[in-house]
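Take a look at the letters that make up each chain.
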Protein chains: 2
Amino acid sequence: MTIGLLGMGTIGSGVFEIAQSLEGVHVKKVLEKRFQAEYITDNIEEIVNDPEIELVVETMGGLHPAYEFASQALSHGKHFVTANKLLVSVYGPELTKLAKEKGVAFLYGAACGGGIAYLANLEIARNIDRIVALGGILNGTTNYILDSMQSRNMDYATALSEAQALGYAERDPSSDVDGLDTMRKLILACAVGFDAYVAPEEIPTFGISAVLPLDVEQARAKGRVLRLCAFARRAEDGALSAWVEPTLVCAASPEAAILNNVNYAWYQGESYGLMSYTGQGAGKLPTAANVLRDVRSVAAGHRYMTGEKCAAAHPDNASARHAYYLRVPAGAELPAVWAAEKRCCGAWDVYEVKDAPVSEMHALAARIPGTFFAGVQEA
Amino acid sequence: MTIGLLGMGTIGSGVFEIAQSLEGVHVKKVLEKRFQAEYITDNIEEIVNDPEIELVVETMGGLHPAYEFASQALSHGKHFVTANKLLVSVYGPELTKLAKEKGVAFLYGAACGGGIAYLANLEIARNIDRIVALGGILNGTTNYILDSMQSRNMDYATALSEAQALGYAERDPSSDVDGLDTMRKLILACAVGFDAYVAPEEIPTFGISAVLPLDVEQARAKGRVLRLCAFARRAEDGALSAWVEPTLVCAASPEAAILNNVNYAWYQGESYGLMSYTGQGAGKLPTAANVLRDVRSVAAGHRYMTGEKCAAAHPDNASARHAYYLRVPAGAELPAVWAAEKRCCGAWDVYEVKDAPVSEMHALAARIPGTFFAGVQEA
């Protein structure tokens, strides 16, 4: 497989490095502006018009020009492999359609879970089994922060700075800490696992930027651990629900054992039962290895990750409901219908909400600044 | 893919059931003596000589006649898929060779981990990455027993009876509780992950039949949990070590979070880092689903799970050494060179052995009846 590689950043250089040692894989040209070398070009035309290049690997990240380059590559009949979850969460349906028209591959196995072959396994499982639910801890940065707060009693700002110093978090960390990165990965998992294209704005997403040491203490007092979890399920009648929110998981749960920046992704199949995958959700070599797994998979004849029936779907998160931990500024009013026990903690009121609709809880947090909430995992 | 199915027991009937709903998969004939139906035959010749049958699925278990049937099927140019770890641990090299000669497939993805696609992922990882180590909790029966002793303070005999009543343990539980089932799965993992065929007698294997509530208490007092673990590693110079033994894992480790009869299999790759897979290691539908994953994989062109270089390898477990928990009858003598702290517990002496060679520890336990030991996981 002769490859044109777009971008020679962290993941791109990992792909380049691993490809050197693989038989049957040859990176012929690399699109990159920062370096010069015989194999480097700064012109996408030189890659998409090269008849020897059969497959384009995109590791630039971002929406543009990644989208334009993907369209060009597919239009020129090149297979396309990417680890870019933002690109796939927005343009996945369109690019898959284009790939089908052109009879070439569009794979993104490394875009959810980095080194974990979660989507690849989910796809195979979906073709044998009915997937009932899926989710997990899909963002390493936020897990690093929450674990540091839990295990080392750090506050949020210190844990975030440490994550930035270690290269786990971006200088602008909002897409991680606001849960957007997790939500985009959940979109990919819903497409692959449920054949359901869900729009970003239809997934209630609450991140961890409001979390306080108080919340971690409250979790600990209940024998719980705080994690940022993605969750989606598809009922037998096709009804979908999906959300991203901090969750108080049981201390003996698999989620609680996920430390540092590790990722944990699971699905539940009617036949398979609960299957889970744990490993490096990001990082140069793990992610690059999974990109090359996709390259090998294209060589073996694999083409698309979603099924023929994949179509737009609209989650109903108003009828989905469960127990919540909720912290609001003292005196803030909750909907009268929520059964909730209240404790006063200085400037905050802390509630144990027995049962509230997911969409209402997310709406309440959006309305009242400083609010933090977390779903309570069933014991 | 038109299939001949050998055996209509638990897994076989699961394969039959799931195959009904899969496009492109048709079970044409079933070899079975206990039932009668239009598609059932009691004569293997009717399957291997049927020109329409392209693939034979074996779910009978046991060495004979499974081995003879496998040879016949492959010799007649039929692809062969099995979940039979005993068969593959003994005849894997020979059957793979025969399959290569005949140009047909020999796959056994469900033979280690049941519903967990561990071997399939390990194989893909091996083709991209150098696998450094692998292992896990590969037997659900023993995990059920150990977890029951740990979480519900049962004694061994009661936990075993319960496992038998639930159908997790056989009437003769020795292959599970003596660690043989785990060892066979480790043989398969070494073949796939390291391209190393290891003979059963070369893997030091110690099970859990000697475990006492005292051992579980001692573990708990140290903040540890007892699990039966398989482990193998391959050094850069190719030197291999491999063993199966009870292990005192840390309470915060992923192993400690593996409850009931769940399985947990992991590998560590130079690029991938540590990747792990958790799910149903056995059971009708999970295992059957993975058998059908292999069937689909054959249809997509997949043929063998071991690489071209796969060859016999001999683990060196004399130079492998680590810390152990050891309980021997009071007064039993330990090798003088072992640095060990002793505590007296009634009829038993309990040692914390700082460092002992794996093969010597296994030999000591074989020599002194009633002895129980467990490796100590590094914190």
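Thresholds, definitions, all that
Residues numbered from 1 in each chain as written. Chains lettered and ligands numbered in written order. Predicted model: local features only at pLDDT ≥ 70, side-chain atom pairs only at ≥ 80, totals over all residues. Heavy atoms only, no water. Helix = DSSP H or I, 4+ residues; strand = E, 2+ residues; numbered from the N terminus. Rg over C-alpha atoms; globule rule 2.2 N^0.38 Å. Contact = heavy atoms within 4.5 Å. Areas by Shrake-Rupley, 256 points an atom, 1.4 Å probe, with all protein chains shown as cover. Pairing = 2+ DSSP bridges. Buried < 20%, exposed > 50% of the residue type's maximum accessible area, 1.4 Å probe, protein only. Axes fitted to C-alpha atoms, helices over the stretch in contact; angles between N-to-C directions. Parallel < 35°, antiparallel > 145°, perpendicular 65-115°, else oblique. Nonpolar A, V, L, I, M, F, W, Y, C, P; charged D, E, K, R; others polar. Least-squares fit on C-alpha atoms with pLDDT ≥ 70 in both. Polar contact = N/O pair within 3.5 Å; in protein donor to acceptor, adjacent residues only side chain to side chain. Salt bridge = Lys/Arg side-chain N within 4 Å of Asp/Glu carboxyl O. Arc of directions from axis to C-beta.

S.K.: Provide a residue-level description of the overall build of chain A, including the pertinent values.
M.R.: Helix and strand counts for chain A stand at 12 helices and 17 strands. The C-alpha atoms of chain A give a radius of gyration of 21 Å, which matches the 21 Å a tight globule of 379 residues would have. The dimensions of chain A, computed from C-alpha atoms along their principal axes, are 70 × 45 × 35 Å. A separation of at least 24 residues holds for 72% of the contacts in chain A among residues at least 6 apart in sequence. Within the structure as shown, chain A displays about 14,500 Å² of accessible surface, and the carbon and sulfur contribution to it stands at 52%.

S.K.: Requested: an account of the sheet that holds strand β3 (residues 40-41) of chain B, with residues and values cited.
M.R.: Residues and elements named next belong to chain B. Judged by pairing direction, the sheet is parallel, and its 6 strands sit side by side in the order β3-β2-β1-β4-β5-β6 without closing on themselves. Only two strands of the sheet have a single partner each, and these edge strands are β3 and β6 (106-107). Where strand β2 (residues 26-31) and β3 come together, 2 bridges link them in parallel fashion. If you follow V30 over to β3, its bridge partner there is I40.

S.K.: Lay out the pairing of strand β12 (residues 273-280) of chain A with the relevant residues and their values.
M.R.: Of all 8 residues in β12 of chain A, 6 are buried, a share of seventy percent or more. Note that strand β11 (residues 262-269) of chain A and β12 of chain A share 8 bridges and pair antiparallel. Of the residues in β12 of chain A, the one forming a bridge with A265 of chain A is Y277 of chain A. Joining the antiparallel neighbours β11 of chain A and β12 of chain A is a turn of 3 residues. Two elements, β12 of chain A and strand β12 (residues 273-280) of chain B, share 3 bridges in a ladder whose sense is antiparallel. What sits directly across from S276 of chain A, in β12 of chain B, is T278 of chain B.

S.K.: Please give an account of the pairing of strand β17 (residues 372-376) of chain B that cites residues and values.
M.R.: All names here are of chain B. In terms of burial, β17 is largely enclosed, as 4 of its 5 residues are buried. Here strand β10 (residues 240-250) pairs with β17 via 2 bridges, running parallel. Within β17, the residue paired with T247 across the bridge is G375. When strand β14 (residues 321-329) meets β17, the two strands line up antiparallel, connected through 4 bridges.

S.K.: Help me get a handle on the sheet that holds strand β6 (residues 106-107) of chain A, residues and values and all.
M.R.: Residues and elements named next belong to chain A. What the 6 strands build is an open sheet, ordered β3-β2-β1-β4-β5-β6; its pairing is parallel. Each edge of the open sheet is held by one strand with a lone partner, namely β3 (40-41) and β6. Here helix α3 (residues 66-75) sits on the sheet in contact with β1 (2-6), β2 (26-31), β4 (55-58) and β5 (79-82), set at roughly 150° to β5.

S.K.: Which residues make up the packing of helix α5 (residues 118-126) of chain A against helix α9 (residues 180-194) of chain A, and what are the values?
M.R.: All names here are of chain A. Taken N-terminus to C-terminus, the directions of α5 and α9 make an angle of 25°; their axes are 8 Å apart at the nearest point. Judged by the inter-axis angle, α5 sits roughly parallel to α9. Contacts from Y118, L119, L122, E123 and R126 of α5 reach α9 at L188, A189, A191, V192 and G193. Of the residues assigned to the contact of α5 with α9, the class counts are 7 nonpolar, 1 polar and 2 charged.

S.K.: So what's going on with the relation of the copies chain A and chain B? Residues and values would help.
M.R.: Placing chain A over chain B gives an RMSD of 0.0 Å and needs a rotation angle of 180°, together with 0.0 Å of translation along the axis. Such a turn and shift between the copies fits a two-fold axis. Closest approach to the rotation axis within chain A is made by the C-alpha atom of Y277 of chain A, at a distance of 2.4 Å. Mapped onto chain B, 100% of the interface residues of chain A again fall at the interface, so both copies present the same surface.

S.K.: Describe the side chain of S89 of chain A, and please don't skip the residues or the numbers.
M.R.: All names here are of chain A. Structurally, S89 is set in helix α4 (residues 85-102). Here S89 falls in the buried class, since its relative accessible area comes to 7%. Among the polar contacts listed, one links the side chain of S89 to the backbone oxygen of L86, at a separation of 3.0 Å. Each residue touching S89, except ones within four places of it in the same chain, is listed here: R184, I187 and L188.

S.K.: Let's hear about the pattern of salt bridges: which residues, and what values?
M.R.: Counting across every chain of the model gives 36 salt bridges over all chains. Of the charged contacts, one joins E32 of chain A and R34 of chain A as a salt bridge, the two residues approaching to 2.8 Å between their closest N and O atoms. In this structure R34 of chain A comes out as exposed when scored by relative accessible area, which is 57%. One salt bridge connects R343 of chain B with E352 of chain B, and the closest N-O pair in it is separated by 3.0 Å. According to the relative accessible area criterion, E352 of chain B is partly exposed, its value standing at 22%.

S.K.: Break down helix α7 (residues 156-165) of chain A for me, with residues and values.
M.R.: All names here are of chain A. By the burial criterion, the buried members of α7 are Y156, A159, L160 and A163. Angularly, the buried residues of α7 cover 100° about the axis, an arc narrow enough to put them on a single face. On its buried face, α7 is in contact with α6 (140-152) and α8 (174-177). Positive backbone phi, approximately 85°, marks G167, located one or two places after α7.

S.K.: Tell me about unusual backbone geometry, and please be specific about residues and values.
M.R.: In this chain, H64 of chain A is followed by P65 of chain A through a cis amide linkage whose omega measures 10°. Its place among the elements puts P65 of chain A in the loop between β4 and α3. The phi dihedral of D195 of chain A is positive, around 55°, even though this residue is not glycine. Within the fold, D195 of chain A resides in the loop between α9 and β8 (196-197). On the basis of relative accessibility, which here comes to 9%, the residue D195 of chain A falls in the buried class. A positive phi is found at N260 of chain B, a non-glycine position, where the angle reads about 50°. Along the chain, the position of N260 of chain B falls in the loop between β10 and β11 (262-269). Residue classification places N260 of chain B among the partly exposed residues on the basis of a relative accessible area of 42%.

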